[in-house]
Amino acid sequence: MNATAYQEVENNPRFKELVRKRGRFSWLLSAITLILYVGFIFLIAFNPSWLGTPISEGSYITRGIPIGVGLIVISFLLTGLYVIRANGEYDRLTAEILKEVQK
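Chains are numbered independently. Their residues run from 1 in the order of the written sequence. Per-residue local features of the predicted model are confined to residues with pLDDT of at least 70, and side-chain atom pairs are confined, for both listing and counting, to 80 or more; whole-chain, interface and lining totals are unaffected and use all residues. The side-chain numbers reported here are obtained from all heavy atoms of the structure, hydrogens and water having been left aside.

A. Region of interest: the UniProt feature "transmembrane region" (unreviewed entry) in the chain. UniProt positions are given in the numbering used here, feature names are shortened, and annotations may be inferred rather than shown by experiment. Taking the numbering used here, the UniProt-annotated feature "transmembrane region" (unreviewed entry) corresponds to residues 25-45 and 65-84. Here residues 25-45 runs as 100% helix and 0% strand, with 30 Å between its end C-alpha atoms. Under the DSSP-based scheme used, a helix requires at least four consecutive residues in state H or I and a strand at least two consecutive residues in state E, with every element numbered from the N terminus.

Right under this line is the structure:
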């Protein structure tokens, strides 16, 4: 692609829509992740005894372990959600924009 084609892509309203949608969605997922992790850190800082309490009588597993594992699992799920959307909607929009420019 030459410089003119790049300029056409940048000026395309669908490209601006793509950038806006992708940016908004990625910031949303980032904010969710940040809130969850900061909440976990605040829980560690302000109520560590609650996290250190065993799940059940005689158990060596404390509340903090499944919560920590849950945070990791949620991060993987949010990443997967972004990949699904990127491979579907965002790739489709990108292909449509490129077809318009190449005409």
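B. Focus on the nonpolar core. To form a nonpolar core, buried Ala, Val, Leu, Ile, Met, Phe, Trp, Tyr and Cys residues must be joined to one another through side-chain atoms within 4.5 Å. Residue burial is assigned from relative accessible area. The probe radius is 1.4 Å, only protein chains are included, and a residue is buried under 20% of its type maximum, exposed over 50%, and partly exposed in between. Of all hydrophobic cores here, the largest spans 11 residues; its members are Ala5, Val9, Leu18, Phe25, Leu29, Leu78, Ala86, Tyr90, Leu93, Ile97 and Val101. Listing elements by their share of this core, those giving two or more residues are α1 (3-11), α2 (13-46) and α4 (64-102). Broken down by element, the residue count for this core peaks at six residues, all from α4.

C. Just the confidence of the model for the chain, in detail. You can read pLDDT as the predictor saying how much it trusts each residue, on a scale of 0 to 100. Looking at the chain, pLDDT values average 93 and 99% of them are 70 or higher. Considering each helix and strand of the chain separately, the mean pLDDT is smallest for α1, with a value of 84, and largest for α2, with 95.

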